[in-house]
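# Notes for the structure review
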Amino acid sequence: MSEFILATRALKKAFGAHKVLDGVDISVPRGEVVGLLGPNGSGKSTMLNAISGFLKPDAGEVLLSGQPVTGLESHAIARKGLIRTFQLPSMPHRMTVRDVLTAGSRTGANLGSIFKRAQQESEIEDLLVTFKLDHVANQPASSLSGGQKKLLSIATALRAQPQVLCLDEPTAGVHPKLRNDIVDILTSINARGVTMVIVEHDMGFVRNLCKRCLVLDRGSIIADCPPEKLSEDSRVVEAYLGK
Ligand code: ADP
Ligand code: MG
């Protein structure tokens, strides 16, 4: 088994003449929580899209546990255990918050027995409480605030029991008090062995969760270091922190 659960090799993606990813190499060891940082427009979301199959890279490779998954459809990559959330989650109109979580649980699950069904229902109720969505469980998911949609999208991602969880700005729009709760939830998920790649601007959040940060700028990774070392890197300060 590969030492790295997720890796990219010389990954490239351009939009017209704009080379957003210009040969990006990352290597994420199993069980690690990695922060993916960089200025706005540096290609962080594009990177998650290319890794998770929502966008086909122009060149290079994406490897899951050493096996190439480059160019596979997003659902095929999800079935292999890599689940991602979106920067701006969209929610189906007619489904309640509880429905969205329940639908998430059906993928690949065997609901054959009453026991399993009851177990899943109790897991969903637990997630609703954990993510402080229990009081809105019967409301349409589309009526949630931006922050609540983020929470629901993370909760739904967890229903798929990912091996690798990629989160695109999980705390943007989330009430500051809830951010610490998300840190605690993700810490406990990671303690169960789930590897994470987290795109996030809140450096307090990043320091609490990530042992290592990658900084993307002008098409490539310009730094790979623990969060507390970022401010010592002049390229990072110039490209990102200084702004
Ligand atoms: P980040 O998430 O780091 O803010 P993005 O990955 O969203 O950055 O975008 C990187 C660059 O690629 C931006 O200049 C953006 O305008 C451009 N871009 C992203 N997606 C598309 C697309 N589908 N078509 C054209 N340009 C895009
Ligand atoms: Mg983005």
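As the structure is a computational prediction, the values presented were derived from the model and not from experiment.

The subject of this paragraph is helix α5 (residues 146-159). Here α5 contains 14 residues, and its C-alpha end-to-end distance of 20 Å stays within 8% of the 20 Å for a straight helix at 1.5 Å per residue. Counting buried residues in α5 gives 12 out of 14 residues, a clear majority hidden from the surface. Of the positions making up α5, those classed as buried are Gln148, Lys149, Lys150, Leu151, Leu152, Ser153, Ile154, Ala155, Thr156, Ala157, Leu158 and Arg159. Downstream of α5 by a residue or two, Gln161 has a phi angle that is positive, lying close to 45°.

On to unusual backbone geometry, then. Look at Gln161: it is not a glycine, yet its phi comes out positive at around 45°. Tracing the chain through its elements places Gln161 in the loop between α5 and β7 (164-168). Gln161 sits in the partly exposed class, given 15 other C-beta atoms within 10 Å. Here Arg218, not a glycine, exhibits a phi torsion of approximately 45°, which is positive. Using a count of 13 C-beta atoms within 10 Å as the deciding quantity, one classes Arg218 as partly exposed.

Ligand 1 sits among Phe15, Val20, Gly38, Asn40, Gly41, Ser42, Gly43, Lys44, Ser45 and Thr46. The greatest single-element share of the shell around ligand 1, amounting to 3 residues, is contributed by helix α1 (residues 44-52). Considered class by class, the residues forming the shell around ligand 1 number 2 nonpolar, 7 polar and 1 charged.

Read from one edge of the open sheet, 6 strands run β6-β7-β8-β3-β9-β10, paired in mixed fashion. Looking along the sheet, the strands with just one partner apiece sit at the ends: β6 (82-84) and β10 (220-225). On average, adjacent strands in this sheet sit at an angle of 20° to one another, irrespective of strand direction. Summarising the sheet, β7 and strand β8 (residues 195-199) pair through 5 bridges and their orientation is parallel. Bridging across to β8, Val164 finds its partner in Thr195.

Its place among the elements puts Gly60 in strand β4 (residues 59-64). For the pair Gly60 and Gly204, spaced 144 residues apart in sequence, the C-alpha separation works out to 33 Å. Setting aside residues up to four positions removed in sequence, Gly60 forms contacts with Thr8, Arg9, Ala10, Leu11, Lys12 and Gly23.

Examined against the element boundaries, Arg79 turns out to sit in helix α2 (residues 74-79). Residue Arg79 is classed as partly exposed on the basis of its C-beta count, with 14 C-beta atoms lying within 10 Å. For the pair Arg79 and Thr46, spaced 33 residues apart in sequence, the C-alpha separation works out to 21 Å.

A word on the sheet that holds strand β1 (residues 4-15). One open sheet holds the 4 strands; their spatial order is β2-β1-β4-β5, and the pairing between them is antiparallel. Each edge of the open sheet is held by one strand with a lone partner, namely β2 (18-29) and β5 (67-68). Of the strands in this sheet, β1, β2 and β4 touch α1, which is tilted by about 65° from β2.

In this structure, Leu36, Ala155, Met196, Ile198 and Val215 are the most contacted members of the largest nonpolar core, which totals 63 residues. Per-element tally for this core: the top contributor is α5, with 6 residues. Residues within four places of Met196 in sequence aside, it is in contact with Val33, Val34, Leu165, Leu167, Leu186 and Asn190.

Our focus in this paragraph is the environment of Pro57. In this structure, Pro57 sits in the loop between α1 and β4. Spatially, the C-alpha atom of Pro57 lies 23 Å from that of Ser90, the residues being 33 residues apart in sequence. In this view, Pro57 contacts Leu11, Lys12, Lys13, Ala50 and Thr70; residues no more than four positions away in its chain are not counted.

Reading guide: rules and limits
Residues numbered from 1 in each chain as written. Chains lettered and ligands numbered in written order. Predicted model: local features only at pLDDT ≥ 70, side-chain atom pairs only at ≥ 80, totals over all residues. Helix = DSSP H or I, 4+ residues; strand = E, 2+ residues; numbered from the N terminus. Expected span 1.5 Å × (residues − 1). Buried ≥ 20, exposed ≤ 12 C-beta atoms within 10 Å, placed from the backbone. Near = placed C-beta within 6 Å. Nonpolar A, V, L, I, M, F, W, Y, C, P; charged D, E, K, R; others polar. Pairing = 2+ DSSP bridges. Axes fitted to C-alpha atoms, helices over the stretch in contact; angles between N-to-C directions. Contact = placed C-beta atoms within 7 Å. Core = buried A, V, L, I, M, F, W, Y, C linked by C-beta atoms within 7 Å.

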